[in-house]
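Now for the letters of each chain:
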Amino acid sequence: MDSMYATYFEEMDELLQRAEDCLIRLESGREAGDIHELFRIAHSIKGSSQMIGYEPIGALTHRLEDLLDSIRKERIRLDGEVLRLCFDALDHVKAMTESKKFRFDEDFDRDAIAEADRLGGEIARLLGRQPEPGEGEGSREAAPAGDGIVSALKAARGAADRRYYISVRFSDDAPMLQAVLYMIFHKIREIGALEYSTVSDEDIFGASDAQPASSCAMILNTELDASELYPYFDVLYAERVEIVDLSDEALRERSVPRDRRCQAFFETVLDGLRKLRPLLFGGEKTSAAKLAEALREQSARVADEAAGLPPGAVPPAIGRFYERCLLLLDGSAKLRKEPAEHLRREYTRLLETVYGHVRGRMIFQIVKARDRLFRKRLGETAERMDRSKIRALLVDVSGLSAMDEDDLAELIAVKRNLGGAGIAVGIVAGRPMNKRIVNVLEAIRPVESFDVYGTEPEAALGDQRESGRSGRNGDMDHYNIMILDAAEASASLKKTLESAGFRGVDAFADPERAMAAFRDKKYHIVLADMDLPEMDGLKFLARVRQYDPMAQVVMMTADASLDRVLGCLELGAGDCVLKPFGSERDVTEAVARSAIRLERWKDIIRDTVLRRHEAATGDREGTERNT
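This structure is a prediction, so every number in the text was calculated from the model and none was measured.

Broken down by element type, the protein carries 23 helices and 13 strands. Across the 627 residues in the protein, those meeting the buried criterion constitute 46%. For the protein, long-range pairs separated by at least 24 residues make up 75% of all intrachain contacts whose partners lie at least 6 apart in sequence. Summed over its atoms, the accessible surface of the protein is roughly 31200 Å², and 49% of this surface lies on carbon and sulfur atoms.

Along the polypeptide, threonine 97 turns up in helix H4 (residues 80–102). In this structure, threonine 97 is in contact with Phe9, Met12, Leu16 and Ile57, ignoring residues within four places of it in sequence.

Overall, antiparallel pairing links the four strands, which are arranged S2-S3-S1-S4 in an open sheet. Looking at strand neighbours, the two that pair on one side only are strand S2 (192–197) and strand S4 (238–245), the edges of this open sheet. Adjacent strand axes in the sheet meet at a mean angle of 25 degrees, parallel and antiparallel pairs treated alike. Where S2 lies against strand S3 (residues 215–222), five bridges are found, and the strand directions are antiparallel.

The next thing to look at is the side chain of lysine 435. Within the secondary structure, lysine 435 is located in helix H17 (residues 435–443). Nearest to the buried, unbridged lysine 435 among oppositely charged side chains is aspartate 548, at 4.6 Å. Those residues within four positions of lysine 435 in sequence are excluded, and the remaining contacts are Phe518, Arg519, Lys521, Lys522, Tyr547 and Asp548.

To continue, consider the nonpolar core. With 43 residues, the main nonpolar core has Leu291 and Phe364 as its most contacted residues. Put simply, the parts of the chain that give this core at least two residues each are helix H11 (260–281), helix H12 (288–306), helix H13 (316–329), helix H14 (337–358), strand S5 (363–368), strand S6 (390–396) and helix H18 (456–461). Sorting elements by how many residues they give to this core places H11 first, with nine residues. Ala19, Cys22, Leu90 and Ile123 belong to the second-largest nonpolar core, a separate cluster that totals 39 residues.

It is worth spelling out the packing of aromatic side chains at this point. What the rule picks out here adds up to five aromatic pairs. Geometrically, the ring pair formed by phenylalanine 518 and tyrosine 523 is stacked, given 6.4 Å between the ring centres and 10 degrees between the ring planes. Residue class for tyrosine 523 comes out buried when judged on its relative accessible area of 2%. The ring of phenylalanine 281 has arginine 277 lying over it, and the distance from NZ or CZ to the ring centre is 4.6 Å. For lysine 435, the ring lying beneath its charged end belongs to phenylalanine 518, and the centroid distance is 4.1 Å.

A few words on the sheet that holds strand S13 (residues 575–578). Think of a sheet as strands paired side by side through backbone hydrogen bonds, with each pair either parallel or antiparallel. Taken in spatial order, the five strands of this open sheet run S10-S9-S11-S12-S13, and their pairing is parallel. The sheet is open, and its two borders are formed by strand S10 (505–508) and S13, each paired with just one other strand. Pairwise comparison of adjacent strand axes, ignoring direction, gives a mean angle of 15 degrees for this sheet. Relative to strand S11 (residues 525–529), strand S9 (residues 481–484) runs parallel, the two sharing four bridges. When the bridges of S11 are listed, isoleucine 483 appears paired with leucine 527.

What follows covers the environment of leucine 126. Within the secondary structure, leucine 126 sits in helix H5 (residues 106–128). Between the alpha carbons of leucine 126 and leucine 67 there is a distance of 8.5 Å; along the sequence they are 59 residues apart. In this view, leucine 126 contacts Leu67, Ile76, Glu81, Val82 and Leu85; residues no more than four positions away in its chain are not counted.

Turning next to the packing of helix H15 (residues 374–384) against helix H16 (residues 405–420). Their axes nearest at 9 Å, the elements H15 and H16 cross at an angle of 10 degrees. Relative to H16, the element H15 is oriented roughly parallel. Two secondary-structure elements touch here, H15 through Phe374, Arg375, Leu378, Gly379 and Ala382 and H16 through Asp406, Asp407, Glu410, Leu411, Val414 and Leu418. Classifying every residue of the contact of H15 with H16 gives six nonpolar, one polar and four charged.

The next subject is the environment of valine 591. Assignment of secondary structure puts valine 591 in helix H23 (residues 584–626). The exposure class of valine 591 is buried, given its relative accessible area of 0%. C-alpha of valine 591 to C-alpha of valine 526: the two residues are 65 residues apart in sequence and 8.7 Å apart in space.

Given 3.6 residues per helical turn, the α-helix brings residues three or four places apart onto the same face. Between its first and last C-alpha, H4 extends 33 Å over 23 residues, near the 33 Å set by a 1.5 Å rise per residue. Its side-chain oxygen 3.2 Å from the backbone nitrogen of glutamate 81, aspartate 79 forms the N-cap of H4.

Within helix H20 (residues 511–520), the full set of buried residues consists of Pro511, Ala514, Met515, Ala517 and Phe518. Along the long axis of H20, the arc covered by the buried residues comes to 160 degrees, so they all point the same way. Elements that come into contact with the buried residues of H20 comprise H17, S9, S10, S11 and helix H21 (537–547). At the N-terminal boundary of H20, the capping side chain belongs to aspartate 510, with an oxygen 3.2 Å from the backbone nitrogen of glutamate 512.

In this structure the tally under the stated criterion is 44 salt bridges. Ionic pairing is found between glutamate 37 and arginine 40, a salt bridge with its closest N-O pair at 3.1 Å. You can see glutamate 37 and its partner arginine 40 sitting in helix H2 (residues 32–52), three residues apart, about one turn around the helix. On the basis of relative accessibility, which here comes to 18%, the residue glutamate 37 falls in the buried class. Classification of arginine 40 as partly exposed rests on a relative accessible area of 46%. Here the salt bridges share partners, and the residues they tie into one network are Arg84, Asp88, Glu115, Arg118 and Glu122.

So, how was this worked out
Residues numbered from 1 in each chain as written. Predicted model: local features only at pLDDT ≥ 70, side-chain atom pairs only at ≥ 80, totals over all residues. Heavy atoms only, no water. Helix = DSSP H or I, 4+ residues; strand = E, 2+ residues; numbered from the N terminus. Buried < 20%, exposed > 50% of the residue type's maximum accessible area, 1.4 Å probe, protein only. Contact = heavy atoms within 4.5 Å. Areas by Shrake-Rupley, 256 points an atom, 1.4 Å probe, with all protein chains shown as cover. Pairing = 2+ DSSP bridges. Axes fitted to C-alpha atoms, helices over the stretch in contact; angles between N-to-C directions. Lys, Arg positive; Asp, Glu negative; His and termini not counted. Salt bridge = Lys/Arg side-chain N within 4 Å of Asp/Glu carboxyl O. Core = buried A, V, L, I, M, F, W, Y, C linked by side-chain atoms within 4.5 Å. Phe/Tyr/Trp six-rings, centres within 6.5 Å; stacked < 30°, edge-to-face > 60°. Lys NZ or Arg CZ within 6 Å of the ring centre and 35° of its normal. Parallel < 35°, antiparallel > 145°, perpendicular 65-115°, else oblique. Nonpolar A, V, L, I, M, F, W, Y, C, P; charged D, E, K, R; others polar. Expected span 1.5 Å × (residues − 1). Polar contact = N/O pair within 3.5 Å; in protein donor to acceptor, adjacent residues only side chain to side chain. Arc of directions from axis to C-beta.

Here it is, written out as structure tokens:
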């Protein structure tokens with residue numbers, strides 16, 4: 001799928017979810033902010049759909065935009081009938097979007113267009129009962145001379161050799177932005193015809209106290225070359241100007257072929273980046289000579305794979321990365337701090353570039369989980385993706401608020417089905433991690449194991465997994481433990497736990513650094529001192545429980561007042577140890593008790609999922625036998 005269409009559908013998913021959330025909130029009580037947000041969303045959907053050529057979607061959202069505009073200007077009352085019509089229109093926009101996305105049959109498209117026309121007519125009839133703008137209310141003054149410049153430019157379409165997408169981002173401190181916008185569109189009269197714009201006449205000539213657009217995007221037909229266009233748009237307060245040639249020839253040059261040779265090239269690049277990571281991020285253990293040797297070897301492999309690929313298939317950033325790295329390391333015996341930091345930044349940028357080229361097209365397919373749509377999207381993606389080009393399905397659960405038994409059953413079924421075809425399934429939990437979902441997946445690990453990552457690029461490398469194997473009955477080899485105490489005390493306690501056989505122990509003296517680490521990594525057990533001067537221990541406990549209610553917290557204190565002990569209990573601490581410790585066993589036994597409590601909760605979650613999964617499997621097998 002063309003990258004423009006892929007971007008459109010990804011943006012539509014986000015916009016439609018936000019619109020649905022606004023409508024749900026409006027059902028329980030009107031919020032003016034939600035009306036304005038809905039209007040902006042409808043305006044964005046309309047513009048994007050018209051730009052991409054999906055006129056029925058654009059036409060219906062245009063009607064919905066008119067309705068929402070009348071509501072926000074209090075020309076029409078938001079009652080049950082109007083709210084129902086908004087829900088119906090939004091649901092149908094979703095249906096038409098999916099029709100285009102998944103290429104349903106033409107009969108469905110005809111029916112969908114007819115339904116869109118019916119809903120648009122219903123909105124028009126509803127708006128027809130309201131007074132015409134300006135009748136007895138004077139809501140808007142007559143527009144100044146020149147009003148309609150954007151509409152006029154759109155109407156005056158003309159043939160041209162070139163077609164460009166132009167994006168202008170304005171600085172935050174830009175005054176009188178409406179005048180700047182007018183200047184830009186006035187210049188367009190001289191150079192071509194406007195096909196699409198995110199800025200309307202209302203944005204330019206509306207009320208002066210209205211919130212102006214912070215950016216402007218358009219599609220322009222012109223005879224000029226891209227290099228000739230920049231002076232027309234690089235105006236005062238324009239922070240960034242991007243111009244993209246949309247001609248078929250230019251798009252072909254930038255597109256990434258999806259054949260087997262191109263896929264093999266990107267797999268080679270990713271394999272090299274995977275091997276480089278421990279050398280670059282492994283601290284001071286790596287010598288400059290060893291790193292340079294690895295870079296030269298990988299550069300040669302990448303060059304061999306790139307030979308014969310069509311122009312534009314190989315991102316220039318790949319070759320530049322190896323050249324810069326080898327130049328920085330030339331003649332160095334030791335990997336010094338500043339060059340190492342520069343190399344890591346270059347590495348991170350290249351990883352994001354390479355991953356962006358293959359994301360969704362080949363090697364990695366993405367599913368962004370959304371509440372109420374998780375099972376549907378997951379099943380449809382697994383069914384429709386090209387299994388000959390995909391090596392891994394990455395399920396992004398960072399925005400998911402909950403996962404029930406049916407969701408888990410579908411996730412397990414998809415993983416096992418794709419596993420039979422040699423396709424892995426990975427979970428992207430986000431940064432900060434979605435601990436609620438990670439806890440569930442970790443609990444069912446004995447039933448089905450999922451690799452969990454913080455970000456998509458980390459998942460693309462297949463390392464930095466965020467959750468380990470599950471321990472049993474106090475076996476702490478597979479748990480992550482955090483210690484928060486004064487520097488010397490935390491270091492001593494870390495040695496004590498490691499000597500007792502515990503693994504994955506991290507020690508912190510700064511509560512803020514500890515909390516930052518806690519948000520981005522799964523810690524199963526936390527030992528925290530209540531008496532740190534930088535932060536009250538009870539406050540730290542409350543924040544830990546807020547981010548991850550399943551984490552087991554052991555508080556340590558030398559001030560055993562009744563209020564403090566009761567405060568620990570009320571905030572969810574699982575245990576409390578008095579300082580100074582009577583013996584090392586006081587701490588190790590508290591940690592072991594925490595592990596047992598954690599395993600009990602995991603058993604409950606796992607048994608709940610298993611019962612539902614086995615029941616669903618039995619129902620399916622029974623149906624297959626009957627048929």
